Amino acid sequence: MQHWKAIVATAAIALCSATTQAQAQTAQQPIVIKFSHVVAANTSKGKTADYFKKIVEERTGGRVKVEVYPNSQLYKDKEELEALQMGSVQMLAPTFGKFGPMGVREFEVFDLPYLFDNMAQAQKVTQGPIGHALLKKLDAKGLTGLAMWDSGFLDWTSNKPIQKPSDIKGMKIRIQSSKVIDARTRVVGALPQVMPWSEIYQGLQTGVVDGQENPPSIVSTAKLFEVQKFMTISEHGYHGYVFIANKRFWDSLPADLKPVMDKAVKDATEYFNSNAKKENDDALEDIRKTGKMKILTMTPEEKNEWKAIQYKVHREMEDRIGKDLIQSIYKEIGRGPDGK
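From a predicted model like this one, the values you see are computed outputs, not experimental measurements.

A.B. asks: Any chance you could explain the environment of M195 here in plain terms?
C.D. replies: Within the secondary structure, M195 is located in the loop between β7 (191–194) and α8 (200–206). Considered as a pair, M195 and M148 are 47 residues apart in the sequence and their alpha carbons are 24 Å apart. Among all residues touching M195, those that are not within four sequence positions of it are D77, R174, I175, I200, G203, V208 and V209.

A.B. asks: Sorry, what's going on with the side chain of N273 here?
C.D. replies: For N273, the location among the structural elements is in helix α11 (residues 258–290). For N273, a relative accessible area of 17% gives the class buried. One polar contact links the side chain of N273 to the main-chain amide nitrogen of D150, over a distance of 2.8 Å. If sequence neighbours within four positions are ignored, N273 has contacts with Q123, Q127, M148, W149 and D150.

A.B. asks: Which parts of the structure should I look at to understand the pairing of strand β6 (residues 172–175)?
C.D. replies: Pairing of β6 with β7, which is carried by four bridges, proceeds in the parallel orientation. Paired with I175 across the strands is V194, a residue of β7.

A.B. asks: What's the story with the pattern of salt bridges in this structure? I'm lost.
C.D. replies: Side chains bearing opposite charge may pair, as long as their charged atoms lie close to each other. Under the defined criterion, the tally for this structure stands at 20 salt bridges. The salt bridge partner of E58 is K54, with a shortest N-O separation of 3.2 Å. One end of the pair, E58, and the other, K54, are both in helix α2 (residues 44–59), four residues apart, so they sit about a helical turn from each other. Here E58 falls in the exposed class, since its relative accessible area comes to 52%. Its relative accessible area of 45% is what places K54 among the partly exposed residues. In this structure, D267 and K263 form a salt bridge, with 2.9 Å as the shortest nitrogen-oxygen distance. With D267 and K263 both in helix α11, this residue pair falls four residues apart, about one helical turn. Connected through salt bridges with shared partners, the residues R59, K263 and D267 form a single ionic network.

A.B. asks: Help me out: how do you make sense of the packing of aromatic side chains in this one?
C.D. replies: The geometry of two aromatic rings is summed up by the distance between their centres and the angle between their planes. One pass over the full model with this rule turns up 16 aromatic pairs. Their ring planes at 45° and their centres at 5.7 Å tell us that F96 and Y238 sit as a pair that is tilted. Of the two residues, F96 sits in the loop between β3 (91–92) and α4 (119–126) while Y238 sits in strand β10 (residues 238–246), which places them 142 residues apart along the sequence. Residue F96 is classed as buried on the basis of its relative accessible area, which comes to 2%. Judged by centre distance (5.9 Å) and plane angle (90°), the ring pair of Y241 and F272 falls under edge-to-face. Taken together, the residues Y241 in strand β10 and F272 in helix α11 connect sequence positions 31 residues apart. Members of the aromatic cluster, joined through ring pairs, are F96, F99, F107, F110, F116, F153 and Y238.

A.B. asks: Can you walk me through helix α12 (residues 300–310) in this structure?
C.D. replies: Within an α-helix, residues lying three or four positions from one another point in the same direction, as the helix has 3.6 residues per turn. Listed as buried for α12 are E302, K303, W306, K307 and Q310. Down the axis of α12, the sector holding all buried residues measures 140°, keeping them to one side. Of the residues in α12, the exposed ones pointing more than 90 degrees away from the buried face are P300, E301 and A308. Packing partners of the buried residues in α12 comprise β5 (155–158), α6 (165–168), α7 (179–186), β11 (294–297) and α13 (312–316).

Rules behind the numbers
Residues numbered from 1 in each chain as written. Predicted model: local features only at pLDDT ≥ 70, side-chain atom pairs only at ≥ 80, totals over all residues. Heavy atoms only, no water. Helix = DSSP H or I, 4+ residues; strand = E, 2+ residues; numbered from the N terminus. Contact = heavy atoms within 4.5 Å. Buried < 20%, exposed > 50% of the residue type's maximum accessible area, 1.4 Å probe, protein only. Polar contact = N/O pair within 3.5 Å; in protein donor to acceptor, adjacent residues only side chain to side chain. Pairing = 2+ DSSP bridges. Salt bridge = Lys/Arg side-chain N within 4 Å of Asp/Glu carboxyl O. Phe/Tyr/Trp six-rings, centres within 6.5 Å; stacked < 30°, edge-to-face > 60°. Arc of directions from axis to C-beta.

If you want it as structure tokens, here you go:
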């Protein structure tokens, strides 16, 4: 009897030891974050995604592994937010206009034409109380709004010069799926065409669309100077990203890792925002050096002509975006929709 008791006790100890070892191995498995985005790795967003990966893996000692998938390797524009909500990926950094179709229309306020005169005004909003309040609205959609990244301002590219509003009339312009962008494009007589970013080069090359709008850094890294003859420094719209995570995933992070991850988000945001202007300035110079794209600059008088037409979109979109939100931005930056 004592013999069998010894065998059972030995077996129990062995089973306990095996279970402990298995649990230890499981505990050592890294937490994997799939970070998907639609632009090239050498863009501001791509570089920041790689920077985030680096600091997270270093600071967590490998407990968190970040896998970055650029260039729509996993999902295209229209697919990535749904994939995030389903948990197929854990992080994204889409543009503001992507949230309107999913029911958070307030983010489309950033698509209003000539909303900001400069980046200092933009950051008073995106990095201040208004921006933080907007991020909280994503909770209801199963997302955690982590930060806003300020990319710069939009410029036109095309195969014929665009300086006056009459120049763009009848042109097919690639846009994102934002009702506000659609409205600001139509109001000057252009024909907006929603197209995924992954298809834009070919679309411009084949003439499916005649032009598009993006900051210089994106125009350069996407090599749009190969398929467009002109770029107009119009700065007619603000461009930025919202750094977001799947809420269930973010809330499930171990308590000791949360402050580390929060600090990594903050540092990645500072990295992006501090480099954005230089990225755009350098890109503009790179485009000039190619000799393939002529760069035009609007005069103040020409820009005022555009504003006089496009500012009406601010009023037209009050019901969609929220008049109070629009007014709160005017108050924060110290001017109204007429620029005064």
